[in-house]
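Inside the fold
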Amino acid sequence: KWKGEGTTQNLESIFIGRCYDYIRIVNPAVGEKNCSELWEAFRNAFINKDPCNILPKDYDLFIKLAFHTIPANKSLFWENNQLLVKSFTSGARRYMSLSDALFGFVADFLIWCGQANSTGLDYESCPTMEECENNAVDSFWRMASITYAQHSSGVIHVLLNGSAEGGAYPVKGFFADYEIPNLQKDKISKIVIWVVDDIQGPDRDSCGKNTVKILEDRLKALGYDVTCTDNYKPVLFLLCVDYPDDSNCILSSSALPAQRRPISSD
Ligand code: ENP
């Protein structure tokens, strides 16, 4: 009946399994968590309710139980490059994006919704953002985003896609609407923006231009110390894994010896 895909099959097992994976393997520093209790709090936010009337605050108990601190200087906000962010953060080893925190990790890539007057999940279809903004998934990410932004500190990193249609910084989106307004200015030393184009993709946006300029101006007006770098090399090199022969991916210092012809013996 809804336009969106239905609840991910085996949602409960995936959620609880991810929770144990996180606390035992990925990031045991968060300490002991009761994964079944987390699941119950998550499920109670949206079951037996109108799937278009789920509010961020319905996830309050889940967030309270799943919460852990976000290490200073490790926060990474992003738009339009989810898979790149996944490899760059390296499962919280390098940076900790929201989906590398327990309260984002358990839900990443999943879909879920309930139904009014039933304690079952709807595996057939779930409402999209266009059908109603107060759906279970979007309200969840709003609550998680707000919490993540409020607890981010030190140097804040923002990874944007310079090839994204409509611009690298969506002026309406989770980062613009729920994260920037919830950053705690007194805990933040600096905001570092990286704008990285897709290799062989269009160069639609760069530091100081178009939507990135809008973002830089907004953050400066809020009083932040902001820097912006185009095609930040460590991120660019990750993209190069898939394009080893592209001109952007040739390391100039090592290219010469590699291109030298072998000394002939005759
Ligand atoms: P998209 O549209 O590129 O990607 C959405 C996908 O990322 C979905 O599979 C979603 O899981 C997962 N995801 C991981 N973290 C977030 C998230 N944090 N979020 C919404 N979806 C998330 O991403 P968006 O919608 O533009 O969101 C980017 C935002 O994430 C940025 O604000 C960034 O700073 C933030 P699912 O469960 O929906 O399948 C917040 C909102 O971290």
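Above this text sits the structure in question.
Residues numbered from 1 in each chain as written. Predicted model: local features only at pLDDT ≥ 70, side-chain atom pairs only at ≥ 80, totals over all residues. Heavy atoms only, no water.

**Focus on the state of the cysteines**
The full count for this structure, using the stated rule, is five disulfides. Disulfide pairing is shown between Cys-19 and Cys-35; the S-S distance is 2.1 Å. With the S-S dihedral at roughly -80°, the linkage between Cys-19 and Cys-35 falls on the left-handed side. On the criterion of sequence distance, the pair formed by Cys-19 in helix α1 (residues 11-26) and Cys-35 in helix α2 (residues 35-44) is long-range, its members being 16 residues apart. (Disulfide = S-S within 2.5 Å. Helix = DSSP H or I, 4+ residues; strand = E, 2+ residues; numbered from the N terminus.)

**Some points on the packing of helix α4 (residues 82-89) against helix α9 (residues 233-240)**
Following both chains from N to C, one finds α4 and α9 inclined at 110°, their axes separated by 10 Å at the closest point. Considering the angle they form, α4 stands roughly perpendicular to α9. Contacts between α4 and α9 pair Leu-84, Ser-87 and Phe-88 from the former with Pro-234, Val-235, Leu-238 and Leu-239 from the latter. In terms of residue class, the contact of α4 with α9 is built from six nonpolar, one polar and no charged. (Axes fitted to C-alpha atoms, helices over the stretch in contact; angles between N-to-C directions. Parallel < 35°, antiparallel > 145°, perpendicular 65-115°, else oblique. Contact = heavy atoms within 4.5 Å. Nonpolar A, V, L, I, M, F, W, Y, C, P; charged D, E, K, R; others polar.)

**Observations concerning the packing of aromatic side chains**
Given two aromatic rings, their pairing is described by the distance between the two centres and the angle made by the two planes. For the coordinates displayed, the defined rule picks out 23 aromatic pairs. Ring centres 5.9 Å apart and planes at 70° place the aromatic pair Tyr-95 and Trp-194 in the edge-to-face group. Within this pair, whereas Tyr-95 is found in the loop between α4 and β3 (96-97), its partner Trp-194 is found in strand β8 (residues 188-196), the two being separated by 99 residues in sequence. Comparing Tyr-95 with Trp-194 shows no difference in burial state: the two are buried. (Phe/Tyr/Trp six-rings, centres within 6.5 Å; stacked < 30°, edge-to-face > 60°. Buried < 20%, exposed > 50% of the residue type's maximum accessible area, 1.4 Å probe, protein only.)

**Focus on the pattern of salt bridges**
Per the stated rule, a full pass over the model turns up six salt bridges. As a salt-bridge pair, Asp-108 and Lys-86 come within 2.8 Å of each other at their nearest N and O atoms. With Asp-108 in the loop between α5 (102-105) and β4 (114-115) and Lys-86 in helix α4, this residue pair connects regions lying 22 residues apart in the sequence. When its relative accessible area of 29% is taken as the criterion, Lys-86 is described as partly exposed. (Salt bridge = Lys/Arg side-chain N within 4 Å of Asp/Glu carboxyl O.)

**Description of helix α8 (residues 210-221)**
Here α8 contains 12 residues, and its C-alpha end-to-end distance of 17 Å stays within 8% of the 16 Å for a straight helix at 1.5 Å per residue. Looking one or two places after α8, you find Gly-223, whose phi comes out positive at around 95°. (Expected span 1.5 Å × (residues − 1).)

**Considerations on α1**
Along its 16 residues, α1 runs just 20 Å from first to last C-alpha, ending more than 12% under the 22 Å computed at 1.5 Å per residue. Elements that come into contact with the buried residues of α1 comprise α2, α3 (60-66), β3, α5 and β5 (118-121).

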